[in-house]
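# Structural overview for review
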Amino acid sequence: MIEQFINFVIRPPRAEYNPDQYLWERDFTLAGRSYKRQDLELRNARGHALQCSHYVPSPFPEDTPLPCVIYCHGNSGCRADANEAAVILLPSNITVFTLDFSGSGLSDGDYVSLGWHEKDDLKVVVSYLRSNKQISRIGLWGRSMGAVTSLLYGAEDPSIAGMVLDSAFADLFDLMMELVDVYKIRLPKFTVKMAVQYMRRVIQKKAKFDIMELNCLKVASKTFIPALFGHGKEDKFIQPRHSDQIFNSYAGDKNIIKFDGDHNSSRPQFYYDSVSIFFYNVLHPPQISSANSSKVDKYYDLGDLKAGAGTDESLLYEIITGLRSTSTDAASSSSVPPSILTAKPVGDLLSEVAPATSIADSMVSEDNGLRSEEPSYLQDKLNGVSEECCSYTSSNRESWGRCSSLGGSDEESSAECTAADISHQTNLAALSNTC
């Protein structure tokens, strides 16, 4: 059982997937605008090849650098988890970079380290982007292990413009002790302290990091990057108090959002709207006109709005909220373990999406781009779209969540995972080219 728990920490189920099926296509459109996926390979300090993807406009605007958000996946995730981030951020002229951390997905490496070595992978990515003159400011968006990675790296690089930290843990040792209780793991009769020391030595030998040193509270009090924290109220795997502890210790500008759901739940609409506004504030993306601008394009265009002093935040919220209903009908992360072949390829799902322009047209004026409607009108429009279609899913591979091999019977776990995979993958879709 101890060995199983050790693997639970450093060798969770690994995502194996076909990038051309589970990522956005190499060339795709959102709301009439063209984008492309640039795949590349970077190498970390340990010599591991890191498989990466960068979502950018096509063509890239001349002489206009754009900001970039690096999406950091969870402990059993991969770069497919950034599919939702691309939908949310690309229309705001924010590029999205994502990678498979060492030990995850299609990258090299045998073990994950829950943020310890992943922060060095992130350093390689940031260095690559810094050398790219087309990229301006850089933000980080991490979930679970990815949130810890972002925080650990951010403590070393104050030039990061902002961070979204979803479901980070405060202290790995405390988390492991909590998980022992959650999964009712029967430790041997010798003391828990001896068992922990044994696990510590094995993990040090295999994964080359010390579980006693992985503590976000140590760096939170020394980090001043603007941060938005998020956590599910019913999260039993990384309990909400972890985010509370980090938030209370955090030295920089900060905000925290609690929402219904557990560790792997689809995040609610208002949370993603908050993320959009947050990155708009800290990254200051340029407003770029499009030669092929349509009504939907105009709706994405925030015009002269500047998310700073004097900005009507409620108006900006309404714009982005309407944007969600237009652009993300059933758009969610393709975060189903490809080893469970119940998922449909992205290409098949794209063909099933109904055009969303009718919603956009009803909210866009022929004359000035936006209807001067009350918030209640906008809410009525949003209510017309099913909750399922407006939800996102990320890091559903998390071994700390529903699909954990710990706790419950294998039959129950398999059935639950399969059901969850089918449900979440059917939510993955995006705008068709006819939008």
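See above for the structure.
Residues numbered from 1 in each chain as written. Predicted model: local features only at pLDDT ≥ 70, side-chain atom pairs only at ≥ 80, totals over all residues. Heavy atoms only, no water.

Moving on: the overall build of the protein. Counting its regular elements, the protein contains 16 helices and nine strands. The 435 residues of the protein split such that 58% are buried. Residue pairs at least 24 apart in sequence account for 77% of intrachain contacts in the protein once pairs closer than 6 positions are excluded. For the protein, the exposed surface amounts to about 17300 Å²; the carbon and sulfur share of it is 50%. (Helix = DSSP H or I, 4+ residues; strand = E, 2+ residues; numbered from the N terminus. Buried < 20%, exposed > 50% of the residue type's maximum accessible area, 1.4 Å probe, protein only. Contact = heavy atoms within 4.5 Å. Areas by Shrake-Rupley, 256 points an atom, 1.4 Å probe, with all protein chains shown as cover.)

Turning next to helix 5 (residues 145–154). Within helix 5, ten of the ten residues are buried, which leaves it mostly tucked inside the rest of the structure. For helix 5, the full list of buried residues reads Met145, Gly146, Ala147, Val148, Thr149, Ser150, Leu151, Leu152, Tyr153 and Gly154. Those residues of helix 5 hidden inside the fold are in contact with strand 4 (66–72), helix 4 (118–130), strand 6 (135–143), strand 7 (162–166), helix 8 (217–220) and helix 9 (240–249).

Bringing the packing of aromatic side chains into the picture now. The tally for this structure, following the rule as stated, stands at 13 aromatic pairs. By way of ring pairs, the aromatic residues Tyr71, Trp141, Phe259, Tyr271, Tyr272, Phe278 and Phe279 are connected into one cluster. The aromatic ring of Trp116 is capped on one face by Lys119, whose charged end is 4.4 Å from the ring centroid. Sitting over the face of the ring of Phe247, Lys254 holds its NZ or CZ atom 4.8 Å from the ring centroid. (Phe/Tyr/Trp six-rings, centres within 6.5 Å; stacked < 30°, edge-to-face > 60°. Lys NZ or Arg CZ within 6 Å of the ring centre and 35° of its normal.)

Attention now goes to the pairing of strand 5 (residues 95–99). Judged by how many residues are buried, strand 5 sits mostly within the fold: five of five residues are covered. Pairing of strand 3 (residues 49–57) with strand 5, which is carried by four bridges, proceeds in the antiparallel orientation. Counterpart to Ser53 in the pairing with strand 5 is Thr98. Inspection of the sheet shows strand 4 paired to strand 5 by four bridges, in the parallel sense. (Pairing = 2+ DSSP bridges.)

Mapped onto the elements of the fold, Ser167 is located in the loop between strand 7 and helix 6 (172–182). Exposure remark for Ser167: the relative accessible area of 1% places this residue in the buried category. Within the local environment of Ser167, its side chain forms a polar contact with the side chain of Asp166, the two groups lying 2.6 Å apart. A distance of 3.1 Å separates a polar atom in the side chain of Ser167 from a polar atom in the side chain of Arg267. Those residues in contact with Ser167 that sit more than four places away from it in its chain are Ser144, Gly230, His231, Asp235, Ile238, Ser243, His263 and Arg267. (Polar contact = N/O pair within 3.5 Å; in protein donor to acceptor, adjacent residues only side chain to side chain.)

Moving on to unusual backbone geometry. A cis amide bond, omega 0°, links Ser58 with the succeeding residue Pro59. With respect to the element layout, Pro59 can be found in the loop between strand 3 and strand 4. Within the chain, Asp63 stands out as a residue other than glycine whose phi angle is a positive 60°. Summarising the element assignment, Asp63 is placed in the loop between strand 3 and strand 4. Taking the relative accessible area as the measure of exposure, Asp63 reaches 79% and is therefore exposed. Phi is positive for Asn93, which is not a glycine, with a value near 65°. Within the secondary structure layout, Asn93 lies in the loop between helix 3 (83–89) and strand 5. Residue Asn93 is classed as buried on the basis of its relative accessible area of 11%.

Two packed helices can be described by the angle between their axes and the distance between those axes. The contact between helix 4 and helix 5 brings their axes to 9 Å, and the two run at 65°. The angle between the axes of helix 4 and helix 5 places the two elements in the roughly perpendicular class. The two elements helix 4 and helix 5 cross, and the hand of that crossing is right-handed. From helix 4, Glu118, Lys119, Leu122, Lys123 and Val126 reach across to helix 5, where they touch Met145, Thr149, Ser150, Leu152 and Tyr153. Classifying every residue of the contact of helix 4 with helix 5 by side-chain character gives five nonpolar, two polar and three charged. (Axes fitted to C-alpha atoms, helices over the stretch in contact; angles between N-to-C directions. Parallel < 35°, antiparallel > 145°, perpendicular 65-115°, else oblique. Left-handed = near helix turned anticlockwise from the far one by under 90°. Nonpolar A, V, L, I, M, F, W, Y, C, P; charged D, E, K, R; others polar.)

Another point: helix 6. Every buried residue belonging to helix 6 is among Leu172, Leu175, Met176, Glu178, Leu179 and Val180, and all of these are buried. Against the buried residues of helix 6 lie helix 1 (2–10), helix 7 (192–207) and helix 9. The N-cap of helix 6, judged by a side-chain oxygen 3.1 Å from the amide nitrogen of Phe173 a few residues on, is Asp171.

Within the open sheet, the nine strands sit side by side as 1-2-3-5-4-6-7-8-9. Their pairing is mixed. Strand pairing shows two members of the sheet lacking a second neighbour, strand 1 (27–30) and strand 9 (254–259), which therefore form its edges. Averaged over all pairs of adjacent strands, the angle between strand axes in this sheet comes to 20°, irrespective of strand direction. Bridge analysis of strand 4 against strand 6 gives six bridges, and the strand direction is parallel. Across the sheet, the residue bridging to Cys72 is Gly142, located in strand 6. Of the strands in this sheet, strand 4, strand 6 and strand 7 touch helix 5, which is tilted by about 135° from strand 6. Contacts from helix 10 (residues 269–283) reach strand 4, strand 6, strand 7, strand 8 (227–232) and strand 9, with the element oriented near 150° to strand 6.

Following both chains from N to C, one finds helix 1 and helix 6 inclined at 125°, their axes separated by 12 Å at the closest point. Between helix 1 and helix 6, the interaxial angle falls into the category oblique. Our pair here, helix 1 against helix 6, has a crossing hand that is right-handed. On the side of helix 1, the interface is formed by Phe5, Phe8 and Val9, while helix 6 contributes Met176, Leu179 and Val180. Residues belonging to the contact of helix 1 with helix 6 are distributed by class as follows: six nonpolar, no polar and no charged.

Bear in mind that shape data such as this cannot, by itself, settle questions of function.
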